[in-house]
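Overview (structure and organization)
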Amino acid sequence: MLGWPLYAQAGVANAPGASLEVSLITYGPGDTYWERFGHDAIELRDSASGESVTFNYGVFDFDEKGFLLHFAAGRMHYLMDAAPTEVDQQYYVQVGRSVTRQPLAFTPAQAADLRDFLLWNLRPENVRYDYDYYADNCATRVRDALDKALGGLLKQQLEARPGGMTYRQQTARLMSQQAWLMLILDLGLGPYADQPLTAWQESFLPMVLQSEMRHVTVKDASGATHPLVQDEKVLSPNHLVPPPETAPDLRLPLGIAGLAFAALLAAARRFLPTIYALLGSLYLVLAGLVGIALLVLWTLTTHHSAWANANLLLFNPLAFALLPALWRSRRGTAPSRRIDVLVILQLLATLAAILLHLLPGVVQQNQPWLLFALPCWLALAWGLRHRQPS
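Throughout what follows, the structure given in this document is the object of discussion. Numbers given for residues are sequential positions, taken from 1 along each chain in its written order. Given that this is a predicted model, residues contribute local features only at a pLDDT of at least 70 and side-chain atom pairs are listed and counted only at 80 or more, while totals for whole chains, interfaces and linings are drawn from all residues. As a convention, hydrogens and water are excluded, and side-chain values are obtained from all of the structure's heavy atoms.

**Let's talk about the environment of L284**
Selection rule: Strands are runs of DSSP state E lasting at least 2 residues, helices are runs of H or I lasting at least 4, and numbering of each runs from the N terminus. In this analysis, two residues are considered to be in contact whenever any of their non-hydrogen atoms come within 4.5 Å of each other.
The residue L284 is located in helix 11 (residues 273-299) in this model. Taking C-alpha positions, L284 is 37 Å from G164, a pair spaced 120 residues apart along the chain. Once you skip the residues sitting within four places of it in the chain, L284 turns out to touch A319, F320, L322, L323, L326, W377 and L380.

Structural data, given as structure tokens:
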């Protein structure tokens, strides 16, 4: 419920720090694609009045002017929200998503600082923020608010721990139950998604943040070290199919798909020229459209996770220029010199995509798409040059 009263007469808004209990609430992944990454929130409970309020950063407004255009351009505006804990958690329980509470060992001063920051953040002039899937989302905002109250301790400890997966691997893992969307996202992600992550960066996922919080320690007034997470309780169990623990390996299925399509092209070229032209046209049109989409993402949007995508070497708008020659080749007509040059350029671009993997540093992990595209381009190159026996 956006606009939770900031100045209640009693309760969380005015409670002394000694009465505030701070907890991290984590909600498991849902069935809908925008729920696959899970969600989390900060719960503040006033032990004196019994009031409990949950603060989260996951609200977006479909009615915002130009929302879809901003979404496409990567300039998404999200909102912070606050609601009574029972109200906030009701939806997740009803749809079968897990709800877990982790009470945190905050000092009274830290709890009061966190409360004051959250109330400041909830003001109308501060409530909006520019959303980013990986670097600035509902989980990173919760993480950063907790870290601020802890004086940077959370970031210090999590940055010292290596992450378990990359952005690409986590995305594929969580989207694997919707294969078409997983493939689209994998195709559209550039090298940014393949950088090694620290536990701090990988905590863009609520479930990872929940897990990593168990390793964080704090010191009390006497200097003794103890865990930040005082307890962990599942308030509502998961009733949905959970995502796999590891990311699927797309190399074999896409490699087989590429070989199968190339073999079909070659067979059709020899025995069913019109079918060959239709199949080849389908591939070239899709390659051209994908190339346009990748170029737009790189040059006209702020989706930095899609910039400098090496898949542009495999799928690009030059594919459209081969369509007329493809249809002429079904009658055995030799391609023009211009078409020969275009085919050679495409094969060289594919070779360049392969050679990129020999470079040091972060290299885009697009081997599945290489394995798919290479046999398809070779089959098309052969079909354009092959003459039917008279």
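So that's the structure; there's more coming.
**Considering the layout of surface pockets**
Operational definition: A cavity here means a set of 1 Å grid points, computed over protein atoms only, where a 1.4 Å probe fits but cannot escape. A pocket is an open set with protein on both sides within 12 Å along at least 5 of 7 lines, and lining residues have an atom within 4 Å of a point. Grid points are joined across faces, edges and corners, and a volume is the space filled by probe spheres set on the points.
Of the volumes computed, that of the second largest pocket is approximately 390 Å³. Lining the second largest pocket are 22 residues, and of these R173, L174, M207, P243 and E245 lie nearest its centre. Elements with a contribution of two residues or more to the lining of the second largest pocket: helix 6 (167-175) and helix 9 (206-213). Ranked by the residues each element gives to the lining of the second largest pocket, the list is headed by helix 9, at four residues.

**Details of the pattern of salt bridges**
The following threshold applies: Think of a salt bridge as a Lys or Arg side-chain nitrogen and an Asp or Glu carboxyl oxygen that are within 4 Å of each other. Categorising residues by exposure relies on relative accessible area from a 1.4 Å probe, with only protein chains included: less than 20% of the type maximum marks a residue as buried, more than 50% marks it as exposed, and the intermediate range marks it as partly exposed.
Counting across every chain of the model gives 11 salt bridges. R115 serves as the salt-bridge partner of D116, at 2.8 Å between the closest nitrogen and oxygen. Residue D116 is classed as partly exposed on the basis of its relative accessible area of 42%. Residue classification places R115 among the buried residues on the basis of a relative accessible area of 7%. For D249, the salt bridge goes to R251, with nearest N and O atoms at 2.7 Å.

**Here's the deal with helix 3 (residues 108-121)**
Put simply, the test is: Helices are assigned an expected span. That span is 1.5 Å times one less than the residue count.
Between its terminal C-alpha atoms helix 3 stretches 20 Å, which fits the 20 Å expected from 14 residues at 1.5 Å a residue. Those residues of helix 3 lying buried are Q110, A111, A112, L114, R115, F117, L118, L119 and N121. On its buried side, helix 3 packs onto strand 1 (20-27), strand 2 (39-46), strand 3 (52-60), strand 4 (76-84) and helix 4 (138-149).

**Things to note about the sheet that holds strand 9 (residues 233-236)**
What counts is decided by this rule: DSSP-based pairing: two strands are paired if at least 2 bridges between them are found. Here the axes come from fitting lines to C-alpha atoms, over the contacting stretch only for helices, and the angles between their N-to-C directions go from 0 to 180 degrees.
As summarised here, the arrangement of the seven strands in space is 6-4-3-2-1-5-9, forming an open sheet in which the pairing is antiparallel. Edge positions in the open sheet fall to strand 6 (128-131) and strand 9, since each of these has one partner strand only. Strand-to-strand twist of the sheet, defined as the mean angle between neighbouring strand axes without regard to direction, takes the value 30°. Of the strand pairs in this sheet, strand 3 and strand 4 are connected by six bridges, and their pairing is antiparallel. Bridged to F55 within strand 4 is A82.

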